[in-house]
Amino acid sequence: MRLTRIWFSKKGRAKYISHLDLYRTFTRAVRRAGIPLWYTEGFNTHPYITIALPLAIMQESDREAVDIRIENDMANEEIKQKLSATCPEGIEIIDVRKPWDDPKKIAFADYTVMTQFANSDDAKKFEAYILKSLKEEELLVEKMGKKNGRKVMKEVNILPLVNKTELALKGSELRIKMTVAAGSTNNLNPALFIDAVSQKAEFKPLSVNITRNRLLTENLKEFE
Amino acid sequence: MLYERLDKILPNVQKPGRYVGGEYNSVIKDKNKVDIRYAFCFPDTYEIGMSHLGMKILYSLVNAREDAWCERVFAPWTDMEEEMRKNNIPLYGLESLEPIKDFDLIGFTLQYELSYTNVLNMLDLAQLPIKAADRKELTPIVIAGGSCVCNPEPMSEFIDIFLPGEGEEVTNELIDLLKEHKKKGSDKETFIKEAVKIKGVYAPSLYDVSYNEDGTVKEIKARDTAPEKVEKRIVKDLDSMYFPDKFVVPAIEVVHDRTTAEIFRGCIRGCRFCQAGFLYRPIREKSPETVNQQCLALTESTGYDEISLCSLSTSDYTGLPSLLEKLLSWTTDDRINLSLPSLRIDNFSDDLMEKLLEVRRSGLTFAPEAGTQRLRDVINKNITEEEVLSTAKKAFSGGWTAVKLYFMLGLPTETLEDVKGIAELAQKVVNEFYNNPEKPKGKSVSVSVSAASFVPKPFTPFQWEAQATPDELKEKQDYLLESTTTKKVRVSFHKTPTSLMEAVFARGDRRVSAVIESAWKKGCKFDSWDDQFDFDKWVEAFADCGLTMDFYANRKRSFDEVLPWDHMDYGISKAFLIKENEKAHNAQTTPHCREKCAGCGTNKLNGGECHALNKNMVQ
């Protein structure tokens with residue numbers, strides 16, 4: 001049995017595959033590919049397939065990782081070839097190789113957020129709101145959290161979760177590149193950031209397209 | 001392409017994965033290289049439609065042709081419908097994301113009566129006139145198949161062509177003909193007059209229906225080239241019949257997400273309430289070799305880890321022991337679960353039980369259907385109380401602790417005594433658990449009783465019977481609850497207004513078309529969904545059209561009344577159905593088809609052949 005990491009992109013129609021559905025999608029793609037999956041022992045036996053970091057539905061990604069445990073010694077190159085043929089439209093296998101970092105090491109992620117506005121004035125105004133928000137002490141959003149095991153709405157300041165932003169205005173389109181906290185302890189979905197700014201601005205973009213570019217570790221080095 | 005526009009509205013709807021396609025094994029073709037574009041429409045949600053075997057078969061069958069491209073279409077949920085209407089997005093095929101109004105064929109599968117309003121809604125969302133007569137062009141031709149087509153009359157205003165029976169062969173023949181007429185530039189009428197020359201094609205526009213003063217049908221007359229009787233199509237040999245080696249694998253979770261293998265068509269049992277048991281006759285079996293090969297190919301191409309055998313009564317398949325042996329020889333190693341629905345309790349052998357223990361343990365379901373032996377004899381459900389109890393005992397010894405029991409309320413001749421019998425039988429099953437020394441240690445038993453309301457259906461011996469009124473059904477439901485004294489037994493019911501509507505559509509005539517249209521205009525859709533069904537609107541719609549529900553649902557017909565579906569020939573002779581009805585009222589049973597041929601007449605469709613006659617249980 002060995003562990004191998006599959007790097008893939010998720011674009012186009014595949015962005016509508018939710019995190020949970022992606023797990024099922026991979027299990028089936030791997031089975032179709034004839035890759036010998038390792039199964040857990042015990043009564044409720046299942047394959048070991050772990051997606052490094054969940055990606056929100058309707059967001060695209062340049063580079064995602066999924067770890068699988070396999071039996072036998074099928075070479076990574078062969079896995080890549082076989083799996084490339086059995087993934088649904090929109091999921092491309094980029095690389096298959098030995099995992100380096102533990103997924104627990106993921107601490108940040110790079111995103112590109114493309115926002116579209118009715119006109120360049122709105123885009124400019126929104127840009128200003130972003131810059132203003134970033135300078136303030138806190139940017140509060142309502143987030144579903146847990147209190148004593150029960151689900152409750154709570155206010156969270158998301159500013160500490162934003163590490164870096166880079167804005168580029170082009171007509172009615174505003175591109176926001178951001179490095180934000182990611183992982184199981186601290187995590188920020190950039191859509192939440194856009195929502196928070198929209199609330200301040202009292203208007204929102206006509207459309208928001210979010211792409212995750214990279215996964216990063218604590219010291220902002222690429223997760224590998 | 002609609003993709004960009006969809007991309008903007010999909011964030012506003014639930015489960016957007018239903019609406020984008022792109023699933024593994026979905027078929028993409030070059031539209032400029034095909035002659036016929038076919039939209040296969042399932043008038044319910046994606047999750048339900050994607051679980052339907054018939055759709056998978058016909059999708060692949062059409063796409064196996066180079067000259068045709070079949071795409072899938074489902075009923076958008078209300079949130080998506082709202083977005084589509086607001087943004088002027090017409091109903092589209094999931095493969096090309098192009099509007100189906102530009103396709104050549106639009107095919108609906110009518111699996112249950114309460115999906116009828118969705119058909120209208122989908123045509124309207126496609127931006128097509130809902131009425132057949134208002135669609136003047138040759139294409140798109142709107143066709144419909146599926147079990148409800150045995151009485152197509154309530155939908156006759158909306159559908160151009162119905163295909164009664166099995167679609168595997170007639171679909172291709174119809175596509176060939178349409179391709180030819182499209183090339184010739186024929187008009188719609190010319191095409192339809194030619195189409196009805198194909199066996200198993202019914203075009204309602206070529207039939208005139210007249211009525212008596214009391215509202216019953218007086219006469220159904222065929223015009224022009226149309227045959228007086230439309231004989232349903234069947235496939236003679238299931239082994240050589242087309243069967244897909246690929247299924248589209250949905251990314252989102254659907255109801256049945258697995259490899260499904262059909263093992264035989266028809267049913268030997270002849271339960272008198274069961275429409276499927278008569279509609280799919282004669283019996284034709286697929287060989288275990290073929291089924292095994294098809295399962296292998298399908299699991300390989302889909303990656304599914306579950307296979308379900310599909311038929312009306314799995315344990316009546318003569319090849320079952322042989323098939324299980326073949327399947328288990330590779331499924332265990334490949335970590336594939338087998339599920340065997342529709343097992344009968346009277347031939348649930350020890351051997352079969354042992355094999356079942358090797359496969360995954362799912363719930364155990366029995367369908368005694370009626371509470372007393374007398375009533376079980378009336379409906380010809382040839383199961384005894386001893387059989388139910390001894391199978392329950394075997395199952396409890398085998399480790400099962402939950403049992404589901406299916407019954408029906410409102411069966412012909414039913415009395416409160418029979419209703420009480422349901423509670424008593426359930427209690428006996430509970431007792432069987434506690435009297436069993438081999439029962440699972442430290443566990444309790446749960447018996448769920450599901451009591452559906454009986455709906456009389458065409459082509460069954462009960463097609464002339466009156467359905468119990470909602471009040472009568474309510475009384476019986478209450479009585480059943482009163483008679484149930486233990487907490488180990490949970491009782492659930494079907495909603496009575498839903499069953500009433502089903503009964504109306506099942507035996508409705510052409511005039512019911514107007515009611516469906518009126519109800520749809522009032523906003524009725526997804527009628528099979530409890531949270532969407534709006535009975536008051538249906539009551540209004542009937543009143544608007546000057547018709548009553550009880551005329552269709554709660555009226556007993558005489559044997560000589562002309563039935564709205566009398567021009568449909570499903571092979572079953574009326575004389576046989578009358579004889580069975582009379583036997584029912586005398587509580588006389590009819591042995592199953594392998595014991596003795598009951599002479600239903602359907603083997604005439606298959607050159608006199610029926611596998612119930614020449615295949616016995618030992619193989």
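Given the structure is predicted, the values throughout are model-derived calculations rather than measurements.

## Some words on the overall build of chain A
Piece 1. Helix and strand counts for chain A stand at 4 helices and 10 strands.
Piece 2. Listing the helices and strands of chain A from first to last along the sequence gives β-α-β-β-α-β-β-α-β-β-β-β-α-β.
Piece 3. Of all 224 residues assigned to chain A, the portion counted as buried reaches 47%.
Piece 4. By sequence separation, contacts in chain A at least 24 residues apart represent 73% of the contacts at least 6 residues apart.
Piece 5. In the structure as shown, chain A presents an accessible area of about 11700 Å², 48% of it carried by carbon and sulfur atoms.
Piece 6. In chain A, which carries 37 positive and 31 negative side-chain charges, the distance between the mean positions of the two groups comes to 3 Å.

## Considerations on the interface of chain A and chain B
Piece 1. Tallying the contact residues gives 22 residues for chain A and 30 residues for chain B.
Piece 2. Roughly 2000 Å² is buried in total at the junction of chain A and chain B, and carbon and sulfur atoms are behind 51% of that figure.
Piece 3. At the surface where chain A touches chain B, the tally comes to 3 salt bridges.
Piece 4. Every element with two or more residues in the side of chain A that touches chain B is listed here: helix H1 (19-32), helix H2 (76-86) and strand E10 (207-217) of chain A.
Piece 5. Considering each element in turn, the side of chain A that touches chain B owes the most residues, 6 residues, to H1(A).
Piece 6. Looking at the side of chain A that touches chain B residue by residue, the class counts come to 8 nonpolar, 6 polar and 8 charged.

## So, the environment of Asp550(B)
Residue and element names in this part refer to chain B.
Piece 1. Within the secondary structure, Asp 550 is located in helix H19 (residues 549-553).
Piece 2. Looking at Asp 550, the relative accessible area reads 45%, which means it is partly exposed.
Piece 3. Each C-alpha atom, one on Asp 550 and one on Thr 469, is 8.0 Å from the other, the two residues being 81 residues apart in sequence.

## Details of the domain arrangement of chain A
All names here are of chain A.
Piece 1. Taken domain by domain, chain A comprises domain 1 (2-99) and domain 2 (105-217).
Piece 2. The distance between the C-alpha centroids of domain 1 and domain 2 comes to 28 Å.
Piece 3. If you look at the interface, domain 1 gives 12 residues, while domain 2 gives 13 residues.
Piece 4. On the domain 1 side of the interface with domain 2, the three residues burying the most area are Leu 53, Gln 59 and Asp 62, jointly 51% of the side's total.

## A closer look at a negative patch on the surface
Residue and element names in this part refer to chain A.
Piece 1. There is a patch of like negative charges on the surface, built from Glu 137, Glu 138, Glu 142 and Glu 155.
Piece 2. Looking at the secondary structure, you find Glu 155 in strand E7 (residues 150-157).
Piece 3. Exposure remark for Glu 155: the relative accessible area of 55% places this residue in the exposed category.

## Digging into the environment of Cys267(B)
Piece 1. Mapped onto the fold, Cys267(B) is located in the loop between strand E10 (264-265) and helix H8 (275-279).
Piece 2. Counting along the chain gives 325 residues from Cys267(B) to His592(B), while the straight-line C-alpha distance between them is 9.1 Å.

## Concerning empty space enclosed by the protein
Piece 1. Enumeration according to the criterion identifies 7 cavities of 30 Å³ or more in this entry.
Piece 2. Considered as a void within the structure, the largest cavity measures approximately 200 Å³ in volume.
Piece 3. Together, 22 residues line the largest cavity, and Ile17(A), Glu23(B), Val249(B), Pro250(B) and Ala251(B) are the ones closest to its centre.
Piece 4. No other element matches H1(A), which puts 5 residues into the lining of the largest cavity.
Piece 5. By volume, the second largest cavity is sized at about 110 Å³.
Piece 6. Take the lining of the second largest cavity: its biggest share by element is 3 residues, from strand E2 (residues 68-74) of chain B.

## Notes on the pairing of strand E16 (residues 446-453) of chain B
Residues and elements named next belong to chain B.
Piece 1. Here E16 lies mainly inside the structure; 6 of its 8 residues are buried.
Piece 2. As paired strands, strand E15 (residues 402-409) and E16 are joined by 8 bridges and run parallel to one another. Residue pairing in the sheet places Val 403 in a bridge with Val 447 of E16.
Piece 3. For the crossover from E15 across helix H14 (residues 416-434) to E16, the handedness is right-handed.

## As for the packing of aromatic side chains
Piece 1. Counting across every chain of the model gives 23 aromatic pairs over all chains.
Piece 2. A ring pair is formed by Phe117(A) and Phe203(A), whose centres lie 6.2 Å apart and whose planes are at 65°; its orientation type is edge-to-face. Pair noted here: Phe117(A) is in the loop between strand E5 (106-116) and helix H3 (120-135) and Phe203(A) is in the loop between helix H4 (190-201) and E10, with a separation of 86 residues, a long-range link. For the pair Phe117(A) and Phe203(A), a shared accessibility class is recorded, and that class is buried.
Piece 3. A ring pair is formed by Phe396(B) and Phe433(B), whose centres lie 5.0 Å apart and whose planes are at 90°; its orientation type is edge-to-face. Of this pair, Phe396(B) sits in helix H13 (residues 385-397) while Phe433(B) sits in helix H14, placing them 37 residues apart in sequence.

## Some words on the sheet that holds strand E4 (residues 141-145) of chain B
All names here are of chain B.
Piece 1. A sheet is described by the order of its strands in space; here 5 strands give the open sequence E2-E1-E3-E4-E5, paired in parallel fashion. Two strands lie at the open edges of the sheet, namely E2 and strand E5 (161-162), each paired on one side alone.
Piece 2. Sheet topology places E4 next to E5; 2 bridges connect them, and they run parallel. Across the sheet, the residue bridging to Ile 143 is Ile 161, located in E5.
Piece 3. Packed on one face of the sheet, helix H3 (residues 53-63) meets strand E1 (36-42) and E2 and runs near 155° to E2.

## A look at the packing of helix H6 (residues 167-184) of chain B against helix H7 (residues 188-195) of chain B
Residue and element names in this part refer to chain B.
Piece 1. Packing of H6 against H7 brings their axes to within 11 Å, and their N-to-C directions diverge by 145°. Regarding H6 and H7, the two cross each other, and that crossing is right-handed. Touching Leu 174, Leu 177, Leu 178 and His 181 of H6 are Thr 190, Phe 191, Glu 194 and Ala 195, all from H7.
Piece 2. Residues belonging to the contact of H6 with H7 are distributed by class as follows: 5 nonpolar, 2 polar and 1 charged.

## Let's talk about helix H15 (residues 470-483) of chain B
Residue and element names in this part refer to chain B.
Piece 1. Between its first and last C-alpha atoms H15 spans 20 Å; for 14 residues at 1.5 Å apiece the expected length is 20 Å, and the two agree.
Piece 2. Restricting attention to buried positions, one finds in H15 the residues Leu 473, Lys 476, Gln 477, Leu 480 and Ser 483. Within H15, the buried residues cover an arc of 130° as seen down the axis, which keeps them to one side. Away from its buried face, by an angle of more than 90 degrees, H15 presents the exposed residues Asp 471 and Glu 482.
Piece 3. Where the residues of H15 are buried, they touch E15, H14, E16, strand E17 (489-493) and helix H16 (496-506).

Cut-offs and rules
- Residues numbered from 1 in each chain as written.
- Chains lettered and ligands numbered in written order.
- Predicted model: local features only at pLDDT ≥ 70, side-chain atom pairs only at ≥ 80, totals over all residues.
- Heavy atoms only, no water.
- Helix = DSSP H or I, 4+ residues; strand = E, 2+ residues; numbered from the N terminus.
- Buried < 20%, exposed > 50% of the residue type's maximum accessible area, 1.4 Å probe, protein only.
- Contact = heavy atoms within 4.5 Å.
- Areas by Shrake-Rupley, 256 points an atom, 1.4 Å probe, with all protein chains shown as cover.
- Lys, Arg positive; Asp, Glu negative; His and termini not counted.
- Charge placed at Lys NZ, Arg CZ, Asp CG, Glu CD.
- Buried area = accessible area lost by both parts, 1.4 Å probe.
- Salt bridge = Lys/Arg side-chain N within 4 Å of Asp/Glu carboxyl O.
- Nonpolar A, V, L, I, M, F, W, Y, C, P; charged D, E, K, R; others polar.
- Domains from an automatic or database assignment.
- Patch = residues over 30% accessible without salt bridge, like charges linked within 9 Å, V, L, I, M, F, W, Y side chains within 5 Å.
- 1 Å grid on protein atoms, 1.4 Å probe; cavity = no way out; pocket = protein on both sides within 12 Å on 5 of 7 lines; lining within 4 Å.
- Points joined across faces, edges and corners; volume = space filled by probe spheres on them.
- Pairing = 2+ DSSP bridges.
- Right-handed = clockwise from strand over helix to strand, strands pointing away.
- Phe/Tyr/Trp six-rings, centres within 6.5 Å; stacked < 30°, edge-to-face > 60°.
- Axes fitted to C-alpha atoms, helices over the stretch in contact; angles between N-to-C directions.
- Left-handed = near helix turned anticlockwise from the far one by under 90°.
- Expected span 1.5 Å × (residues − 1).
- Arc of directions from axis to C-beta.

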